[in-house]
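One letter stands for each residue in the lines below.
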Amino acid sequence: MTRAFRVILVLSMLAALALSGCAKATPAPTATQPPKPTSPPTAQPTVAPTPKPTPVTKTVVIGFTSSKTGSQEVPSTGQTRGLELWLEQVNAKGVTLPDGTIVKFEFKTYDDESNKERVQQLYTKLINDDKTNFLISPYSSGLTDAAAVIAEQYGQIMITTGAASDATYKKGYQLVFQLYTPASRYLTGAVDLLAKLDPTAKKIAIVHENDKFSTDVVNAAKAYAESKGYEIVLFEGYDSGTTDFAPFINKIIGAAPDAIMGGGHFADGSTFAKQMYEKQVKAKFIALLVAPPELKFADIGEAAFGIIGPSQWEPQAAYSEASAKAAGVQWYGPSVADFVSAYKAKYGEDPAYHAAGGYAAGLILQKAIEDAGSLDTAKVKAALDAMDVLTCYGRVKFNTSAEAHGLQVAHEMVYIQWQKDASGKLVKQVVWPAEGKSADAIYPLSR
Amino acid sequence: MTEQLLASLTDGLLLGFVYGLASMGLSLIWGVMRVINLAHGATMVLGMFATYLLFSAFGIHPYVALPIIVVLSLLFGFLVYATAVHRVINAPYLSTLLATFAVNMMIIGIGTAVFTTTPRNVDIPVGRIQAGPVTLLSTRLVATLIAVIVTAGLYLLLYRTRPGKAIRAVANNRAAARLMGISAFRTLALSFGLGTMLAAAAGALIATFFPFTILSGAGYQTKGFVICVLGGLGNPTGALIGGLILGALEGIIPVFMAVNWVPVIEFVLFVLILLVKPSGLLGAR
Amino acid sequence: MRAWRYPAFWLTLGLVAAAGAVVFATRSATLREEMFLLLMFVTLASSLNILLGFTGYVNFGHIVFFGLGGYVGFYLMSQHGWPLWWATLAGGLASALLAWLLGAATLRLRGAYFALATIGVNEAVRAFVNNFRPFGGPTGMSLNFAVYRQYGGPANALWWTFGAMFGLTLLVILISYLVKFSRFGLGLMSIREDEDAAMVLGVRTPRLKTWAFVLSALFPGMVGVLFFFKNGNVEPGDAFRLQMSIEIIVMVMLGGSGTVLGPAIGSAAYERLRGYLLTSPIFKNLHLAFAGFLLLIIVLFVPAGLVGWMRSRLPKLRRVLE
């Protein structure tokens, strides 16, 4: 009996393996397709059809991966929602090229599980199998760095959003364009804010995640702070995925700083903030990366109160057509209020900056195609190189030098702080820069 | 400096108790049946998720849920032993290593599908006691207390009950024990169950302090190996002491150098002990 | 040198050669990428087989050679501008050196203690590289894109890399067979069967074990350099993945440890299965669970692996199924 069982077992294993060897690995891309017309949408008020040749419609495939699961899930979801809002809006009318072609867009996307290896496999697949025309990055500098190599190797333009690390753009790429303010400018404003609030504060402790993005941020922040006369009493990195911050917190307590800066991404930033509160770490100023601007940061409760975070964008941002004119720059796209209300109507909550970044990625690509008047990679690249525009997301202009091609040069950060409104609920307030603030910063933190 | 040292040492020791609790399971299984349980980390994570689910779905407080988790993990251990391990218990060691590793992969695979890798938290209110430079968190204190209670319970079981005696007999000499009428299968299943239970209980306690994902087990498992080797494979007291030593090291080393050197030192120590005194500091059984 | 008298020798080499030939014939980028991964795993599994299958020592940290070799080669390429070929060789030699040093220390451990030590070594090296500034610390190192121009552009570089991997795979299969049918291999297998008896009979076990270890480390080191060159960057987390180490053991066991055809088939099968499971919507989330289940079935019921099982059922075909 057992012998027959073994024979059947092994034969079925062989069969399974043979089948899998022959099976075509058919992927299931979660393709978000717009209501798919190959002819103009039905809601067209055509009274009498004019004798015009039917315009050719072309579908441009944009590929990207998002972190539907894994450590980057929360911010990546925001970014994808921003992109989908743009897709819905642009496909209402499409983009008309000079030769009369109407361009509509389609997304091909996969879940990268916040995993670098998956990102590279999936982008290779998107380019080779799904035949994308343009690419958008995943969320986070680490994953984007992995994806950028693939984009450049196969010669496709990639607009990166959700990725601030400068290092990616120092590698000699020509086709990768950054929307986010680079990491090197993330915490420099926090140092300025500290200087404004308390000129007597002298000691800063920096505890950061050991990944490309956070390392770039804190290296630049350290250099900047030291140039302004601050003493960095602690400068240490923790591995991604750290959950026990006690050794770091003990070191911070030992160093007795006036201000604490650092963090990394959402999960570790929130845990760090929570554990600092649990241990009642005495600091007058705490600024963390990425986590505070997320609405979900308030889930840690009292621990969130008073924490400052740099944000790429906030709904209270003061970008408008008027300010564009004043700065002598072209304005493009909807106003901030229109974007916020459209997002709120579609998703039922206010957008955080990841969503704005996602939306802007689509918007900038759209403008580049319009400027270029073509879908050809070289022409769109030239359009992106020449771009200098103000949008609801902020100003966008790319570095075109050989050493740092694609780095974002015009976009600025805003700083938010969690405060309490009249009813005691936690709310975000923009506290810096002075021209854009909605409330004064709370200083010092009472712990 | 001394304040910082004191605070770090206390943190480390408190955590060390829980690590020790987890490693006792690993050590017990090795001592009784010469099997290295590579599903140890995954079982800890199952304990974490069980606490999370009971807390978020039914509102059961983690400490109240612990007895439930203990019983469930005991049964789970029996199941794993009966299906995966018993058949290869007498085969060369590679087979048991791979069998337990296969169970590990299955747990993680199914867990990832069901829970995804999004980090989870068990948010219970945390009280604190300030004793000079040392901040003691209620969650850590309770966890240490529970770890001590469970250890005491384990010892009572091993030294004051018949099943415990059977376990010690089988650990000593399996063939002789069978000749004495002890059912090897039942005793081995019980030991494996106990080992799993200790891991899951430790996991449940860890869930109250740190966030976790289905993949968190790997880190704790490698720590578990280091602890067992430190204290001596097969010696549960050794595991507890090893846990305290590791916890103390993790607390003290960061005071003098960057925290990231701790894993390097841990593993170098691990390899050194394996080379110099494989039976561990307290001697293996 | 009796290896070429065995049909198995030609069969295995032929299979690998066919795999490569298909890619070169169709010049398809997607197929090339798939085959690259497949050949990479065949090489890794076959190299592990020299230690695990022939000598009977379980190395849970086999991936440490892949990682360290990869790091050394990458460092030479990115910081010192070495060409790929020399860097690959250097990476392999660095891993071989590590194996030699480690072997001197750990090979005297037996059984499960050796296995545990290898896990410890992998973690120790990873933690060390994480802190080692010249290797970029936690953020690793990356290649400036201009480097690809030396090879005629990125597309060409990718083809050259595939060619190199193909060559390495053929080489490791060749060497595995040569070892298996030599006195050296006979010595290794005697260690596997009963180390003490072998020592009594005059087999110089420490020396043989060390050479097996070194040989098994050479190829992963070279493969690592090629892999990270293709990726353009290297980080500690990617280079020292313990799970990959275990998957390689699964591949060897699946195919049949101790044979040369076994690991080749086992890794090809596992890799295809894994690729299929990862992109299939039903199984995507369950590929690890499925692989675990497969491993359990093999360990419990068919410990000799596919080729081993076939050998026992079809004694006439034994010369083909080595």
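Thresholds, definitions, all that
Residues numbered from 1 in each chain as written. Chains lettered and ligands numbered in written order. Predicted model: local features only at pLDDT ≥ 70, side-chain atom pairs only at ≥ 80, totals over all residues. Heavy atoms only, no water. Helix = DSSP H or I, 4+ residues; strand = E, 2+ residues; numbered from the N terminus. Buried < 20%, exposed > 50% of the residue type's maximum accessible area, 1.4 Å probe, protein only. Areas by Shrake-Rupley, 256 points an atom, 1.4 Å probe, with all protein chains shown as cover. Pairing = 2+ DSSP bridges. Contact = heavy atoms within 4.5 Å. Axes fitted to C-alpha atoms, helices over the stretch in contact; angles between N-to-C directions. Domains from an automatic or database assignment. Buried area = accessible area lost by both parts, 1.4 Å probe. Salt bridge = Lys/Arg side-chain N within 4 Å of Asp/Glu carboxyl O. Polar contact = N/O pair within 3.5 Å; in protein donor to acceptor, adjacent residues only side chain to side chain. Nonpolar A, V, L, I, M, F, W, Y, C, P; charged D, E, K, R; others polar. Arc of directions from axis to C-beta. Patch = residues over 30% accessible without salt bridge, like charges linked within 9 Å, V, L, I, M, F, W, Y side chains within 5 Å. Phe/Tyr/Trp six-rings, centres within 6.5 Å; stacked < 30°, edge-to-face > 60°. Lys NZ or Arg CZ within 6 Å of the ring centre and 35° of its normal. Parallel < 35°, antiparallel > 145°, perpendicular 65-115°, else oblique. Left-handed = near helix turned anticlockwise from the far one by under 90°.

**Q** It is not clear to me how the overall build of chain A should be interpreted in this structure. Could you clarify?
**A** Counting secondary structure elements, chain A contains twelve helices and 16 strands. Within chain A, buried positions represent 58% of all 447 residues. Total accessible area on chain A is roughly 16800 Å²; 56% of this is exposed by carbon and sulfur atoms.

**Q** Please explain the sheet that holds strand 13 (residues 388-391) of chain A as it appears in this structure.
**A** Hydrogen bonding along the main chain pairs the strands of a sheet, whether they run parallel or antiparallel. All names here are of chain A. Spatial ordering of the open sheet is given by 12-13-14, a layout of three strands whose pairing is mixed. The open sheet has two edge strands, strand 12 (330-331) and strand 14 (394-397), and neither has a second partner. Sheet topology places strand 12 next to strand 13; two bridges connect them, and they run parallel. Bridged to W331 within strand 13 is L390. Running at roughly 140° to strand 13, helix 11 (residues 353-372) makes contact with strand 12, strand 13 and strand 14 of the sheet.

**Q** Explain the pairing of strand 1 (residues 57-66) of chain A to me, please; I cannot follow it from the model alone.
**A** The side chains of a regular strand alternate between the sheet's two faces. Residue and element names in this part refer to chain A. Of all ten residues that make up strand 1, seven are buried, and the element is covered over most of its length. Relative to strand 3 (residues 102-111), strand 1 is paired through ten bridges, and the arrangement is parallel. Note that in strand 3 the partner of G63 across the bridge is K108. Relative to strand 4 (residues 134-136), strand 1 is paired through two bridges, and the arrangement is parallel. Looking at the pairing, G63 lines up with L135 of strand 4.

**Q** Explain the domain arrangement of chain A to me, please; I cannot follow it from the model alone.
**A** Often the size quoted for an interface is simply the accessible area lost on bringing the parts together. Residue and element names in this part refer to chain A. Parsing chain A into structural domains produces domain 1 (54-181 + 314-412) and domain 2 (185-311 + 413-436). Its C-alpha centre places domain 1 at a distance of 28 Å from the equivalent point of domain 2. Across the boundary between the two partners, domain 1 contributes 24 residues, which contact 20 residues of domain 2. With both sides pooled, the region where domain 1 packs onto domain 2 buries about 2000 Å², and carbon together with sulfur makes up 55% of that total. Broken down residue by residue, the surface that domain 1 buries against domain 2 is led by V74, E314 and Y353, which jointly contribute 29%. Seen at the junction of domain 1 and domain 2, the total is two salt bridges. E314 serves as the salt-bridge partner of K428, at 3.2 Å between the closest nitrogen and oxygen. Our count for the domain 1 to domain 2 interface comes out at seven residue pairs in polar contact (both at pLDDT 80 or more). Sorting the residues of the side of domain 1 that touches domain 2 by element identifies helix 2 (73-93), helix 4 (141-153) and helix 11 as the ones contributing at least two each. A per-class count over the side of domain 1 that touches domain 2 returns ten nonpolar, nine polar and five charged.

**Q** Any chance you could explain helix 6 (residues 162-172) of chain B here in plain terms?
**A** Think of an α-helix as turning once every 3.6 residues; residues three or four places apart then point the same way. All names here are of chain B. When we look at burial in helix 6, the residues that qualify are G164, A166, I167 and V170. End-on view of helix 6: buried residues confined to an arc of 160°, all on one side of the axis. What points out from helix 6, more than 90 degrees from its buried face, is the exposed set R162, K165 and N172. Buried positions along helix 6 lie against helix 1 (2-33), helix 5 (138-160), helix 7 (174-179) and helix 8 (184-207). For helix 6, the side-chain oxygen to backbone nitrogen distance between the N-cap and G164 is 3.2 Å, and the N-cap itself is T161.

**Q** Honestly, unusual backbone geometry in this entry has me stumped. Any pointers?
**A** The general pattern is negative phi for most residues beyond glycine and trans for most peptide bonds. Geometrically, the link from A:Y443 to A:P444 is a cis peptide bond, its omega value of -5° lying close to zero. Here A:P444 lies in the segment after strand 16 (426-432). The phi dihedral of B:R34 falls on the positive side, at around 55°, and the residue is not glycine. Assignment of secondary structure puts B:R34 in the loop between helix 1 and helix 2 (40-58). Here B:R34 falls in the partly exposed class, since its relative accessible area comes to 45%. With phi around 50°, C:R27 is a residue other than glycine that occupies positive phi space. When you line up the elements, C:R27 lands in the loop between helix 1 (7-26) and helix 2 (29-54). A residue is classified by how much of its surface remains accessible, and C:R27, at 52% relative accessible area, is exposed.

**Q** Explain the pattern of salt bridges here, please?
**A** Any two side chains of opposite charge can pair, on the condition that their charged atoms come close. One pass over the full model with this rule turns up 25 salt bridges over all chains. Here A:E88 and A:K346 are joined by a salt bridge, their closest N and O atoms 2.5 Å apart. Of this pair, A:E88 sits in helix 2 while A:K346 sits in helix 10 (residues 336-347), and the two are 258 residues apart along the sequence. On the basis of relative accessibility, which here comes to 35%, the residue A:K346 falls in the partly exposed class. Connected through shared salt-bridge partners, A:D145, A:K171, A:K212 and C:E235 make up one network.

**Q** Could you clarify how one ought to interpret the interface of chain C and chain B in this entry?
**A** Contacts between chain C and chain B engage 37 residues on the former and 35 residues on the latter. Our count for the chain C to chain B interface comes out at zero salt bridges. Taken together, the links from chain C to chain B amount to two residue pairs in polar contact (both at pLDDT 80 or more). It is helix 5 (residues 111-131) of chain C that provides the largest number of residues to the side of chain C that touches chain B, a total of 14 residues.

**Q** It is not clear to me how the sheet that holds strand 6 (residues 176-178) of chain A should be interpreted in this structure. Could you clarify?
**A** Residue and element names in this part refer to chain A. Strands sit in the order 2-3-1-4-5-6 across an open sheet of six strands; the sheet is mixed. Every other strand in the sheet has two partners, leaving strand 2 (95-96) and strand 6 as the edge strands with one partner each. Its contacts with the sheet put helix 2 on strand 1, strand 2, strand 3 and strand 4, and the angle it makes with strand 3 is roughly 160°.

**Q** What is the right way to look at the environment of C:S182 in this model?
**A** Residues and elements named next belong to chain C. Tracing the backbone shows S182 in the loop between helix 6 (154-180) and helix 7 (183-193). In this structure the C-alpha to C-alpha distance between S182 and A3, which are 179 residues apart in sequence, comes to 8.3 Å. A polar atom in the side chain of S182 sits 3.4 Å from the backbone oxygen of L178.

**Q** Looking at this model, I keep getting lost on a nonpolar patch on the surface. Mind explaining?
**A** Residues and elements named next belong to chain B. Together, I241, I245, L281 and L282 make up a nonpolar patch on the protein surface, roughly 330 Å² of accessible area in all. When you line up the elements, I245 lands in helix 10 (residues 236-256). The partly exposed category is assigned to I245, whose relative accessible area is 30%.

**Q** I tried to follow the packing of aromatic side chains on my own but got confused; where do I start?
**A** For any pair of aromatic rings, the description rests on two quantities: the centre-to-centre distance and the angle between the ring planes. Tallied over the full model, the rule gives 51 aromatic pairs over all chains. When the ring centre of A:F305 is taken as reference, the NZ or CZ atom of A:K420 above it lies at 4.9 Å.

**Q** Explain the packing of helix 3 (residues 62-85) of chain B against helix 8 of chain B here, please?
**A** Packed helices, taken two at a time, are described by the angle their axes make and the gap between the axes. Residue and element names in this part refer to chain B. Relative orientation of the contacting elements helix 3 and helix 8 amounts to 140°, with a least axis distance of 7 Å. Accordingly, the angle class assigned to the pair helix 3 and helix 8 is oblique. Crossing of helix 3 against helix 8: the hand is right-handed. For the contact of helix 3 with helix 8, the residue count by class is 22 nonpolar, four polar and no charged.

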